[in-house]
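Observations on the model geometry
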Amino acid sequence: MSKQNKQPLLQRPAVVGVLASLLFIVIGLVLGFVLLVLLNPGESVNGMRAMLTTGFSSMDKLGKVLYQSAPLMMCGLSVGFAFKTGLFNIGASGQYTMGAFFSLLCAIQFQLPWFVCLLAGAVGGAIWGIFPGLFKAYFNVNEVITAIMFNWIGMYLVNLLLANMPMMLASGWGASNSDRTAALSAANPGAILPKGPLAGLFGNSSWINISIIITILFAILVWVILQKTTFGYELKACGLSRDAAQYAGINSKRNIVLSMVISGALSGIGGGIYYLAGTGQYVLEKSILSMGFNGIPVALLASSNPIGTIFSALFISYIQVGGAAMQPAFSSETIDIVIAVIIYLAAFALLMRGVIAKLVSGRKEKGGAAK
Amino acid sequence: MYKRYTLERGVQRLADNYVIEMLHITKEFPGIKANDDITLQLRKGEIHALLGENGAGKSTLMSVLFGLYQPEKGTIRKNGKEVKINNPNDANALGIGMVHQHFKLVECFTVLDNIILGVEDTKHGFLQKEAARKKVMALSEKYGLKVDPDALVSDISVGMQQRVEILKMLYRDNEILIFDEPTAVLTPQEIDELMEIMRGFKAEGKSILFITHKLNEIMAVSDRCTVLRKGKYIGTVDIKDTTKEELSKMMVGRNVQFAVEKKPCEPGKPILEVENLVVPSKVHKNNAVRGVSFNVRAGEIVCIAGIDGNGQSELIYGITGLEKPTGGTIKIEGKDITNATIRERSKAGMSHIPEDRHKHGLVLDYTLADNMVLQRYWQPEFQNHGFIKQDAVMDYAERLIAQYDVRSGQGPATIARSMSGGNQQKAIIAREVDKEPELLVAVQPTRGLDVGAIEYIHKQIVAERDKGRAVLLVSLELDEVMNLSDRILVIYEGELVGEFDPRKTTVEELGLYMAGARKQGEAKA
């Protein structure tokens, strides 16, 4: 509805949102720094510098930022998409795990090329998303409860399946460890995501591949679906007012299921994209992968806007990479706390957005009265 | 004619014994000047009505007085002394109390707890309710405000909730009482009781500001009336020197017709046929609609009259598809739609102006433009292979806004939630009527609206009838029923108990049937 944007720049909701996010990121960084000073004053400046500059210190590190941001972005898109329909997809983690499993299954067991594996990841995530959707739509079971249960079911199911598939494990491909899946470089190099046009830019950084391009394309795709299509119109209507959507003849049950399926597929692609990079191997986990949960702050930080998700995922990935560089002066737990403080405050921006909008318009009012 | 209160007449003010004066108040919101140089003076011991259309700025002005908004310009005086009201606590300290249109009660608290909330007596940190209970009961007795102090607010009727709100003001010893559209939610009997209570306050020397757009009520209880139009001050008149017609002219800016002008009805073939319809109740175990049969023909307005809660809502839910009927059939133009989806009914030619415009009628956080296409976004006119044609939507919304005079701050980009109730309703009517339906189902289409908007909506409904469309109207206002309908069906406890020709019946006769005192033999509508 760009035609109607006659509001002053500072009062547009999008601008206020960005301003609020930036302001709180700065406050978060300051608080993070205070924490560092308290914990280890001698190393605090170096630590903060490491956190803030590592990502840009070399093409290799920048490659790592991009590599880590891709799955984060997919999970963020997944959570944000569900939010728009009024659903809280806390099951992104399970969907991510299923996506990873489906992708690796195609890559290692069936020796398929990378794009088929990625597609399989989407299918895996979608299957894991459909259950909370169905339960919510037809039995009115809160999707949060179902999704949390399916996170655990997904994780143990994948562990069980992998443990019984010798071909999938590293030990089946000449390596000695049997607690993780085979390295793709040994099992099926064709399933590793290509570097594409980024190869020239990043040289032989082992991190970089086309995953970041794929995810940005998905972000744009999600934005188009939500903003430009009748399907997105229906989904948002269901999210904002289920009663009004029903009155308008929108099949809200179908939309809830579809929304969860799409949300699951996005997470599933996230899982696929991470493990098809060829650098990581899926380790038989005892706790749920955190990537799906990290998608929640990514989505919150972007207030579920798909384009904003690109930036929030890059931001979180950047401070994670920077945080890793703070070792050994700081323990990894400390770094996690600092990162958490920064992310937490950034998410605060959502709450404070109304206040900031008021401040901005208040200033304008006063300015107007002075005239 | 009415006089403008100007500064020259300020000298006289001293003699007028004003308890509250709001002088030259201006309050702006983005895109709209809600109050533009408005002056309101309230005398001690008078009932002063504040009249204006929806969006005229009445609620804004009262919110300024109650400390919810700060005006850009203007002053407020109490007993001639200038005061600053920064928040409702300040207002309270000045003896100003307000009954809001949408009650501000804690649903899961008892009546007594709600009344004392915020001014509780405590002893060593423990609540002392006995004194409060005595005071509340004494007030309740004195003014005839019957309440059950131990009942939960969620369990009591809307009328009693309002009495709780009034008691809240009295308990705080407020002398200036603001009633924001208090009658909108009441039954006719409750309205009469409220009027009595207000007269009682006046006799006590309390001053009342009475916001409404129901002219009959103003004529019945008020001493003076201040009229606002589109945020501007129009004038203040003595009720004994004025007429309903003059007031409505001041409010709307033109002459308003109270009687609906319409040609004799020429009914055609039946459009809607309902046979033995049974609809279950959401609240109770038994059926809300128990075997109702009737039809609506092309070119006639059939009105379902009845006291609220006698199954009319469920009947409409059944017909429009919001609720699944458990028995009977519904046909549109001979086509059975009993089990059709809402979308299929819409395609079959049904339009629905819903009872609850906030719950069903609008996606409140969508823009006006998006709401305008809520029933047709899927049509080829507005989408191409699943992509919404934004320009077509905008153009369509702009046409409807112009054609149906829907006013809003930012045109099609306005968020529906920020619009006034009347304009929200106009938007819904524009959307539903413009669909060119065979059958228009309108449920309380004028609830909470001012005379200007009511007149407009009535004209639209009659125009639809004259175009040969079938109109099924549900209304709780007997005036509306008598004025608008070509045929009246009375519903009582989920059954149709009588069919009437509005030209051959009286309000009193309808009332007897609505109350269940009478029933037409084998009432076959």
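Residues numbered from 1 in each chain as written. Chains lettered and ligands numbered in written order. Predicted model: local features only at pLDDT ≥ 70, side-chain atom pairs only at ≥ 80, totals over all residues.

**Comments concerning the overall build of chain A**
So the rule is basically this: Each helix corresponds to a stretch of at least 4 residues labelled H or I by DSSP, and each strand to a stretch of at least 2 residues labelled E; elements are numbered beginning at the N terminus. Our radius of gyration looks at C-alpha atoms and nothing else; its globule reference is 2.2 Å times the residue count to the power 0.38. Each residue is classed by its C-beta neighbour count within 10 Å, where at least 20 other C-beta atoms makes it buried, 12 or fewer makes it exposed, and intermediate counts make it partly exposed; the C-beta atoms are placed from backbone geometry.
Check the secondary structure of chain A and you find 15 helices and 0 strands. Here chain A has a C-alpha radius of gyration of 22 Å; the compact-globule value for 371 residues is 21 Å, and the two agree. Each of the three principal axes of chain A carries a C-alpha extent, and together these read 80 × 65 × 40 Å. Taking all 371 residues of chain A together, the buried fraction comes to 51%.

**Here we look at the overall build of chain B**
Filter applied, for reference: Distance between backbone-placed C-beta atoms decides contact: two residues are in contact if it is within 7 Å.
On a plain count of helices and strands, chain B comes out with 18 helices and 24 strands. In terms of overall size, chain B behaves like a compact globule, its C-alpha atoms giving a radius of gyration of 25 Å where 525 residues would be expected to give roughly 24 Å. Taking the principal axes of its C-alpha atoms as reference, chain B extends roughly 70 × 50 × 50 Å. Looking at chain B alone, contacts between residues at least 24 apart form 68% of all its contacts between residues at least 6 apart.

**So, the pairing of strand E13 (residues 270–280) of chain B**
All names here are of chain B. The condition is simple: Between any two strands, pairing holds if DSSP finds at least two bridges.
Looking at chain direction, E13 and strand E14 (residues 287–297) are connected through 8 bridges and run antiparallel. In the strand pairing of E14, Pro280 is matched with Asn287. Sheet topology note: the E13/strand E16 (residues 327–332) ladder contains 5 bridges and is antiparallel. Its bridge partner being in E16, Val274 is matched across the sheet by Ile330.

**Concerning the sheet that holds strand E15 (residues 301–305) of chain B**
All names here are of chain B. For the record, the criterion: An axis is simply a line fitted to the C-alpha atoms; with a helix, the fit covers only the stretch in contact. Between two such axes, the angle follows the N-to-C directions and lies from 0 to 180 degrees.
Spatially, the 6 strands line up as an open sheet ordered E18-E21-E22-E15-E23-E24, and their pairing is mixed. The open sheet has two edge strands with one neighbour each: strand E18 (350–353) and strand E24 (495–500). Averaged over all pairs of adjacent strands, the angle between strand axes in this sheet comes to 20°, irrespective of strand direction. When strand E23 (residues 487–492) meets E24, the two strands line up antiparallel, connected through 5 bridges. Within the sheet, the bridge partner assigned to Val490 lies in E24 and is Gly498.

**Digging into the interface of chain A and chain B**
As a reminder of what qualifies: By the convention adopted, Pro, Cys, Tyr, Trp, Phe, Met, Ile, Leu, Val and Ala count as nonpolar, Lys, Arg, Asp and Glu as charged, and the other residues, Gly among them, as polar.
Tallying the contact residues gives 18 residues for chain A and 31 residues for chain B. Listing elements by their share of the side of chain A that touches chain B, those giving two or more residues are helix H10 (230–240) and helix H11 (242–247) of chain A. Counting residues per element, the side of chain A that touches chain B draws most heavily on H10(A), which supplies 5 residues. Broken down by class, the residue content of the side of chain A that touches chain B amounts to 9 nonpolar, 6 polar and 3 charged.

**Brief notes about the environment of Met352(A)**
All names here are of chain A. Tracing the chain through its elements places Met352 in helix H15 (residues 332–370). Overall, the presence of 16 C-beta atoms within 10 Å leaves Met352 in the partly exposed class. Spatially, the C-alpha atoms of Met352 and Ser21 are 9.2 Å apart, while their sequence positions differ by 331 residues. In this structure, Met352 is in contact with Ala20 and Phe24, ignoring residues within four places of it in sequence.

**Some points on the sheet that holds strand E17 (residues 335–336) of chain B**
Residues and elements named next belong to chain B. Judged by pairing direction, the sheet is antiparallel, and its 4 strands sit side by side in the order E14-E13-E16-E17 without closing on themselves. Single-partner strands in this sheet number two, and they are E14 and E17. Against the sheet, helix H10 (residues 312–320) engages E13, E14 and E16, with an angle of about 120° to E13.

**Some words on the pairing of strand E22 (residues 470–475) of chain B**
All names here are of chain B. Counted residue by residue, E22 has 6 buried out of 6 residues, so it is predominantly covered. Along E22, one buried face is formed by Ala470, Leu472 and Val474 and the opposite face, lined by Val471, Leu473 and Ser475, is buried too. Note: E15 against E22, 5 bridges, orientation parallel. From the neighbouring strand, Cys303 faces E22, where its bridge partner is Leu473.

**Describing the nonpolar core**
Rules: The term nonpolar core means buried Ala, Val, Leu, Ile, Met, Phe, Trp, Tyr and Cys residues held together as one set by C-beta atoms within 7 Å.
Leu276(A), Leu65(B), Ile178(B), Leu439(B), Val441(B) and Val490(B) are the most contacted members of the largest nonpolar core, which totals 255 residues. With 13 residues, helix H3 (residues 59–84) of chain A is the largest single contributor of residues to this core.

**Here's the deal with the environment of Tyr18(B)**
In this fold, Tyr18(B) is placed in strand E1 (residues 18–29). In this structure the C-alpha to C-alpha distance between Tyr18(B) and Val119(B), which are 101 residues apart in sequence, comes to 28 Å.

**Digging into unusual backbone geometry**
A cis amide bond, omega 0°, links Gln327(A) with the succeeding residue Pro328(A). Checked against the element boundaries, Pro328(A) lands in the loop between helix H14 (306–324) and H15. The phi dihedral of Asn79(B) falls on the positive side, at around 45°, and the residue is not glycine. Secondary-structure assignment places Asn79(B) in the loop between strand E4 (73–78) and strand E5 (81–83).

**Some details on the packing of helix H4 (residues 92–109) of chain A against helix H5 (residues 114–139) of chain A**
All names here are of chain A. So the rule is basically this: A crossing counts as left-handed when the near helix is turned anticlockwise from the far one by less than a right angle, and as right-handed when that turn is clockwise.
Interaxial distance between H4 and H5 falls to 7 Å at its minimum, and their mutual angle equals 145°. Considering only the axes of H4 and H5, their crossing is right-handed. Contacts between H4 and H5 pair Gly94, Gln95, Tyr96, Met98, Gly99, Ala100, Phe101, Phe102, Ser103, Leu105, Cys106 and Ala107 from the former with Val116, Cys117, Leu118, Ala120, Gly121, Ala122, Val123, Gly124, Gly125, Ile127, Trp128 and Gly129 from the latter. When grouped by side-chain class, the residues that make up the contact of H4 with H5 number 16 nonpolar, 8 polar and no charged.

**What about the domain arrangement of chain B?**
All names here are of chain B. Threshold: Annotation comment: domain bounds sourced from an automatic or database domain assignment.
Taken domain by domain, chain B comprises domain 1 (7–95 + 175–252), domain 2 (103–171) and domain 3 (298–310 + 340–514). Measuring from the centre of the C-alpha atoms in domain 1 to the corresponding centre in domain 2 gives 26 Å. With 7 residues of domain 1 at the contact, the number on the domain 2 side is 7 residues. No other element matches helix H7 (residues 188–203), which puts 3 residues into the side of domain 1 that touches domain 2.

**Concerning the environment of Lys240(B)**
Structurally, the position occupied by Lys240(B) is in the loop between strand E12 (232–238) and helix H9 (244–252). Residues Lys240(B) and Met219(B) lie 21 residues apart in sequence; the distance between their C-alpha atoms is 8.3 Å.

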